[in-house]
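Structural description and commentary
Residue-level listing of the chains:
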Amino acid sequence: QVHLVESGGGLVQAGGSLRLSCAASGRPLGRNRMGWFRQAPGKAREFVAAMTYNRMDYADSVKGRFTISRDTAKNTLYLQMNNLKPEDTAVYSCAAREWDSSYRFTGDYDYWGQGTQVTVSS
(Lines give C-alpha, C1' and ligand atoms only; values in the text may rest on other atoms or scores of the structure.)
Protein backbone atom coordinates (compact mmCIF):
# COMPACT_ATOMS: atom_id res chain seq x y z
CA GLN A 1 0.00 0.00 0.00
CA VAL A 2 1.12 3.56 -0.74
CA HIS A 3 0.01 6.59 1.27
CA LEU A 4 0.19 10.06 -0.30
CA VAL A 5 -0.18 13.38 1.51
CA GLU A 6 -0.21 16.71 -0.31
CA SER A 7 0.66 20.11 1.12
CA GLY A 8 1.50 23.61 -0.05
CA GLY A 9 -1.83 24.82 -1.38
CA GLY A 10 -3.26 28.22 -0.54
CA LEU A 11 -4.52 31.55 -1.83
CA VAL A 12 -2.34 33.49 -4.25
CA GLN A 13 -2.82 36.42 -6.60
CA ALA A 14 -2.70 35.96 -10.35
CA GLY A 15 0.90 35.92 -11.53
CA GLY A 16 2.12 34.44 -8.26
CA SER A 17 3.72 31.09 -7.50
CA LEU A 18 3.13 28.09 -5.26
CA ARG A 19 4.97 24.82 -4.74
CA LEU A 20 2.94 21.76 -3.91
CA SER A 21 4.50 18.78 -2.18
CA CYS A 22 3.35 15.17 -2.05
CA ALA A 23 4.96 12.97 0.59
CA ALA A 24 4.80 9.26 -0.15
CA SER A 25 5.02 6.51 2.48
CA GLY A 26 4.46 2.79 2.62
CA ARG A 27 5.66 0.48 -0.12
CA PRO A 28 8.43 2.11 -2.18
CA LEU A 29 7.49 3.07 -5.71
CA GLY A 30 9.84 2.06 -8.46
CA ARG A 31 10.86 4.51 -11.14
CA ASN A 32 8.90 7.74 -11.46
CA ARG A 33 5.33 6.53 -11.77
CA MET A 34 3.64 9.57 -10.25
CA GLY A 35 1.55 12.50 -11.40
CA TRP A 36 -0.59 15.49 -10.50
CA PHE A 37 -4.25 16.04 -11.30
CA ARG A 38 -6.68 18.83 -10.44
CA GLN A 39 -10.42 19.25 -10.10
CA ALA A 40 -12.19 22.59 -10.33
CA PRO A 41 -15.73 23.05 -8.95
CA GLY A 42 -18.29 21.46 -11.23
CA LYS A 43 -15.65 19.95 -13.49
CA ALA A 44 -14.10 16.53 -13.93
CA ARG A 45 -10.66 15.78 -12.56
CA GLU A 46 -8.04 16.56 -15.19
CA PHE A 47 -4.43 15.68 -15.86
CA VAL A 48 -1.82 18.31 -14.97
CA ALA A 49 1.61 16.67 -15.08
CA ALA A 50 3.29 13.30 -14.79
CA MET A 51 6.67 11.68 -14.51
CA THR A 52 7.50 8.57 -16.45
CA TYR A 53 10.65 6.47 -16.45
CA ASN A 54 12.35 8.72 -19.00
CA ARG A 55 10.59 12.11 -19.12
CA MET A 56 8.00 14.52 -17.76
CA ASP A 57 4.76 15.45 -19.50
CA TYR A 58 2.34 18.32 -18.99
CA ALA A 59 -1.14 19.38 -19.94
CA ASP A 60 -1.07 22.08 -22.60
CA SER A 61 -2.77 24.50 -20.22
CA VAL A 62 0.18 24.44 -17.78
CA LYS A 63 3.12 23.80 -20.09
CA GLY A 64 5.84 26.37 -19.57
CA ARG A 65 4.41 27.46 -16.20
CA PHE A 66 4.40 24.28 -14.06
CA THR A 67 7.30 21.94 -13.32
CA ILE A 68 7.03 18.45 -11.83
CA SER A 69 9.99 17.02 -9.94
CA ARG A 70 10.80 14.36 -7.38
CA ASP A 71 13.25 14.09 -4.49
CA THR A 72 13.91 10.37 -4.32
CA ALA A 73 15.78 10.58 -1.01
CA LYS A 74 12.79 12.28 0.62
CA ASN A 75 10.27 10.21 -1.35
CA THR A 76 8.47 13.44 -2.18
CA LEU A 77 6.90 14.68 -5.39
CA TYR A 78 6.70 18.40 -6.15
CA LEU A 79 4.75 20.67 -8.46
CA GLN A 80 6.21 24.13 -8.90
CA MET A 81 3.51 26.43 -10.24
CA ASN A 82 4.51 29.83 -11.64
CA ASN A 83 2.53 32.61 -13.30
CA LEU A 84 -0.67 31.27 -11.81
CA LYS A 85 -3.99 32.19 -13.39
CA PRO A 86 -7.52 32.26 -11.93
CA GLU A 87 -8.37 29.26 -14.11
CA ASP A 88 -5.76 27.24 -12.20
CA THR A 89 -8.04 27.34 -9.15
CA ALA A 90 -8.79 23.74 -8.17
CA VAL A 91 -8.10 20.96 -5.70
CA TYR A 92 -4.76 19.45 -6.68
CA SER A 93 -4.08 15.77 -6.00
CA CYS A 94 -1.02 13.66 -6.46
CA ALA A 95 -1.30 10.07 -7.58
CA ALA A 96 0.88 7.01 -8.05
CA ARG A 97 0.51 4.13 -10.48
CA GLU A 98 1.79 0.57 -10.56
CA TRP A 99 2.47 0.44 -14.29
CA ASP A 100 4.51 2.73 -16.49
CA SER A 101 2.35 2.80 -19.61
CA SER A 102 -0.54 5.24 -19.89
CA TYR A 103 -0.43 8.11 -17.42
CA ARG A 104 -2.83 10.88 -18.50
CA PHE A 105 -6.03 9.32 -17.20
CA THR A 106 -7.30 8.97 -13.66
CA GLY A 107 -7.87 5.25 -14.26
CA ASP A 108 -4.13 4.78 -14.80
CA TYR A 109 -3.45 5.49 -11.12
CA ASP A 110 -3.80 3.19 -8.14
CA TYR A 111 -3.15 5.51 -5.20
CA TRP A 112 -4.37 9.05 -4.50
CA GLY A 113 -3.76 11.75 -1.93
CA GLN A 114 -6.55 13.71 -0.29
CA GLY A 115 -5.83 16.87 -2.29
CA THR A 116 -4.85 20.43 -1.47
CA GLN A 117 -6.79 23.55 -2.44
CA VAL A 118 -5.22 26.13 -4.72
CA THR A 119 -7.10 29.40 -5.18
CA VAL A 120 -5.86 32.09 -7.55
CA SER A 121 -7.46 35.51 -7.26
CA SER A 122 -7.62 37.95 -10.16
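In short, a report on the structure. (Residues numbered from 1 in each chain as written. Predicted model: local features only at pLDDT ≥ 70, side-chain atom pairs only at ≥ 80, totals over all residues. Heavy atoms only, no water.)

Once that is clear, we can look at the pairing of strand 9 (residues 90-96). Counting buried positions along strand 9 yields six of seven residues, so the element is predominantly enclosed. Summarising the sheet, strand 4 (residues 34-39) and strand 9 pair through six bridges and their orientation is antiparallel. From the neighbouring strand, Arg 38 faces strand 9, where its bridge partner is Tyr 92. Where strand 9 and strand 11 (residues 116-121) come together, three bridges link them in antiparallel fashion. When the bridges of strand 11 are listed, Tyr 92 appears paired with Thr 116. (Buried < 20%, exposed > 50% of the residue type's maximum accessible area, 1.4 Å probe, protein only. Helix = DSSP H or I, 4+ residues; strand = E, 2+ residues; numbered from the N terminus. Pairing = 2+ DSSP bridges.)

Moving on to the state of the cysteines. Scanning the entire structure with this criterion turns up one disulfide. Note on cysteine connectivity: Cys 22 is disulfide-linked to Cys 94, with sulfurs 1.9 Å apart. Measuring handedness by torsion sign, the sulfur bridge of Cys 22 and Cys 94 sits at about 50° and is right-handed. Highlighted residues: Cys 22 in strand 3 (residues 18-26) and Cys 94 in strand 9, separated in sequence by 72 residues. Using a relative accessible area of 0% as the deciding quantity, one classes Cys 22 as buried. For Cys 94, a relative accessible area of 0% puts it in the buried group. (Disulfide = S-S within 2.5 Å.)

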